[in-house]
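# Coordinate inspection notes
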Amino acid sequence: MEIYDEYRLLDGLGFFTRYFTIARHLYRMAEELPKPNDERLPEYRDTALESLEQQLYSPAPIYPDVEIVKLARSLSFLRDRLGPNHPDVKQVLGSRTPLEVAQKLIEGTKLGDVDFRKQLGDNKAILAKSSDDPDDAARRLDRRARPGVAQTI
């Protein structure tokens, strides 16, 4: 499989839920914002931050039942495309089904709470230690996805 396909799957397509997108952006903000502006990934540069923060801290409702279905389907797609023996698939699914993992992640997250998201966004040290499942998944997978990010820019 080409590097780009694997990157796309690990960077969101295989984790299609607003919660993962939020967690990934919060984690990457903590990593990117300490860097000089011109060394950051484009979506974390000063010119893009206001728009990104509006998305992250939007009070628009997130519907957990819908997110479970979306995540379960995308995890199935991830497993089917990369194969059940791929190290990242094993790490995410273990011996559980995509639906079991999706239910655990979505039902266990606090990322639906805007105040919680703001707390994480404001305190990067908390985010680095967060055990909220989508945060933890985003942090672990980001190391694998980052080389793909660099190659697609």
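Remember, predicted model here, so these are calculated numbers, not experimental data. (Residues numbered from 1 in each chain as written. Predicted model: local features only at pLDDT ≥ 70, side-chain atom pairs only at ≥ 80, totals over all residues. Heavy atoms only, no water.)

Across its full length, the protein chain holds nine helices and zero strands. Residues classed as buried in the protein chain amount to 45% of the 153 residues present. Considering only contacts in the protein chain between residues 6 or more positions apart, those separated by 24 or more positions represent 68%. In the structure as shown, the protein chain presents an accessible area of about 8400 Å², 51% of it carried by carbon and sulfur atoms. (Helix = DSSP H or I, 4+ residues; strand = E, 2+ residues; numbered from the N terminus. Buried < 20%, exposed > 50% of the residue type's maximum accessible area, 1.4 Å probe, protein only. Contact = heavy atoms within 4.5 Å. Areas by Shrake-Rupley, 256 points an atom, 1.4 Å probe, with all protein chains shown as cover.)

Another aspect to go through is the pattern of salt bridges. When the charged atoms of two side chains with opposite charge come close together, those side chains can pair. Within the structure shown, the criterion is met by five salt bridges. Note that Arg 81 is salt-bridged to Asp 5, the shortest N-O span being 3.8 Å. Separated by 76 residues along the polypeptide, Arg 81 in helix 4 (residues 64–82) and Asp 5 in helix 1 (residues 3–10) bring together distant segments of the chain. Judged by its relative accessible area of 30%, Asp 5 is partly exposed. (Salt bridge = Lys/Arg side-chain N within 4 Å of Asp/Glu carboxyl O.)

Let's shift gears to helix 6 (residues 98–108). All buried positions along helix 6 are accounted for by Pro 98, Val 101, Ala 102, Leu 105 and Ile 106. The buried residues of helix 6 all sit within an arc of 115° when viewed along its axis, so they share a single face. (Arc of directions from axis to C-beta.)

This part is about the nonpolar core. Ranked by size, the top nonpolar core spans 33 residues in total, and within it Phe 15, Leu 26, Leu 56, Leu 71, Leu 75, Leu 78 and Leu 111 carry the most contacts. Going through the elements one at a time, helix 1, helix 2 (18–32), helix 3 (46–56), helix 4, helix 5 (87–93), helix 6 and helix 7 (114–122) are the ones with two or more residues in this core. Residues within four places of Leu 71 in sequence aside, it is in contact with Phe 15, Phe 16, Thr 17, Ala 102, Leu 105 and Ile 106. (Core = buried A, V, L, I, M, F, W, Y, C linked by side-chain atoms within 4.5 Å.)

For any two helices packed against each other, the geometry is given by the interaxial angle and the distance between the axes. Two numbers describe how helix 2 lies on helix 3: the axes approach to 10 Å, and their chain directions differ by 140°. Considering the angle they form, helix 2 stands oblique to helix 3. For the element pair helix 2 and helix 3, the recorded crossing hand is left-handed. Residues Ile 22, His 25, Leu 26 and Met 29 of helix 2 form the contact with helix 3, whose participating residues are Leu 52, Glu 53 and Leu 56. Among the residues making up the contact of helix 2 with helix 3, the classes are represented as five nonpolar, one polar and one charged. (Axes fitted to C-alpha atoms, helices over the stretch in contact; angles between N-to-C directions. Parallel < 35°, antiparallel > 145°, perpendicular 65-115°, else oblique. Left-handed = near helix turned anticlockwise from the far one by under 90°. Nonpolar A, V, L, I, M, F, W, Y, C, P; charged D, E, K, R; others polar.)

Scored by pLDDT, the protein chain comes out at a mean of 83, with 80% of its residues at no less than 70. Ignoring residues within four places in sequence, the model shows residues 147–153, a span with pLDDT below 50, making nine contacts including any to other chains. (pLDDT = per-residue confidence, 0-100.)

As enumerated under the stated definition, the model contains one aromatic pair in all. Relative to Phe 20, the ring of Phe 15 has its centre 4.9 Å away and its plane inclined at 25°; by these criteria the two rings are stacked. Positioned above the aromatic ring of Phe 16 is the side chain of Lys 70, whose terminal nitrogen or guanidinium carbon lies 4.8 Å from the ring centre. (Phe/Tyr/Trp six-rings, centres within 6.5 Å; stacked < 30°, edge-to-face > 60°. Lys NZ or Arg CZ within 6 Å of the ring centre and 35° of its normal.)

Let us look at the packing of helix 1 against helix 4. Relative orientation of the contacting elements helix 1 and helix 4 amounts to 160°, with a least axis distance of 10 Å. Between helix 1 and helix 4, the interaxial angle falls into the category roughly antiparallel. Between helix 1 and helix 4 the crossing geometry is left-handed. For the pair helix 1 and helix 4, contact is made by Asp 5, Glu 6, Leu 9 and Leu 10 and by Phe 77, Leu 78, Arg 81 and Leu 82, respectively. A class-by-class count of the residues in the contact of helix 1 with helix 4 yields five nonpolar, no polar and three charged.

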